[in-house]
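Each chain, written out:
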Amino acid sequence: MRFKIITYWLTVLPILVFGQHYVSYSKNAEEVSVKLSDGYLVLRPMNENAVRIQFIKEIKPEENQFVFVNENSSSDFRLEENASSLKLKTKNYAVLFNKKRLSLCFWMAMVKFYFQKL
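The structure displayed is predicted, hence computed values, not measured ones.

Rules behind the numbers
- Residues numbered from 1 in each chain as written.
- Predicted model: local features only at pLDDT ≥ 70, side-chain atom pairs only at ≥ 80, totals over all residues.
- Heavy atoms only, no water.
- Pairing = 2+ DSSP bridges.
- Helix = DSSP H or I, 4+ residues; strand = E, 2+ residues; numbered from the N terminus.
- Axes fitted to C-alpha atoms, helices over the stretch in contact; angles between N-to-C directions.
- Buried < 20%, exposed > 50% of the residue type's maximum accessible area, 1.4 Å probe, protein only.
- Contact = heavy atoms within 4.5 Å.
- Salt bridge = Lys/Arg side-chain N within 4 Å of Asp/Glu carboxyl O.
- pLDDT = per-residue confidence, 0-100.

J.: Can you lay out the sheet that holds strand β2 (residues 32-36) for me, pointing to particular residues and giving the numbers?
T.: Strand order in the open sheet made by the four strands is β1-β2-β3-β4, with antiparallel pairing throughout. Of all strands in the sheet, those with a lone pairing partner are β1 (22-27) and β4 (50-56), marking the two edges. When the angles between neighbouring strand axes are averaged without regard to direction, this sheet yields 15°. The pairing of β1 with β2 spans five bridges and is antiparallel. From the neighbouring strand, Ser26 faces β2, where its bridge partner is Ser33.

J.: Could you give an account of the side chain of Ser33, with specific residues and numbers?
T.: Within the secondary structure, Ser33 sits in strand β2. Given the relative accessible area of 8%, Ser33 is considered buried. Sequence-distant contacts of Ser33, defined by excluding residues within four places in its chain, comprise Ser24, Tyr25, Ser26, Leu41 and Val42.

J.: Describe the pattern of salt bridges, with residues and values.
T.: Taken as a whole, this structure holds five salt bridges when the rule is applied. Among the salt bridges present, the one from Glu81 reaches Lys99, with a minimum N-O distance of 2.8 Å. Linking Glu81 in strand β5 (residues 78-81) with Lys99 in the loop between β7 (93-98) and β8 (103-108), this pair joins segments that are 18 residues apart in sequence. With relative accessibility at 44%, the residue Glu81 sits in the partly exposed group. In this structure Lys99 comes out as buried when scored by relative accessible area, which is 12%. Counted as one network, the salt bridges with shared partners bring together Arg78, Glu80 and Lys89.

J.: Talk me through the confidence of the model for the chain; I want residue IDs and the actual numbers.
T.: Do not read the predicted coordinates in detail wherever pLDDT is low. Residues with a pLDDT of 70 or more make up 63% of the chain, whose mean pLDDT is 76. Predicted confidence in the chain is weakest over helix α1 (residues 2-16), with a mean pLDDT of 55, and strongest over β5, with 92.

Below, the structure is given as structure tokens:
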């Protein structure tokens, strides 16, 4: 099941944001928003083992959502930036956004996943 979900997102996410280029980013206590030429890529750590990734055309006011998790629903994260990438890190995983190649890379324990061509 996990393999099917990962395979689905490996094919769908690049199609959604194909042809974009990096503009800027902003960070607040809950999320990192990466501004692309035609929308936003939002990275929101949900807990130590989960991150929500959304591609949206424009930032809208927060809609009411209910997300049930068995633990604390917020996660402490660090953001590291250099000339070519942004890295969101938590205790159990990291998400790397490459500004030049527009790709996402995920590290979780011994597993590494790539999303290419955002």
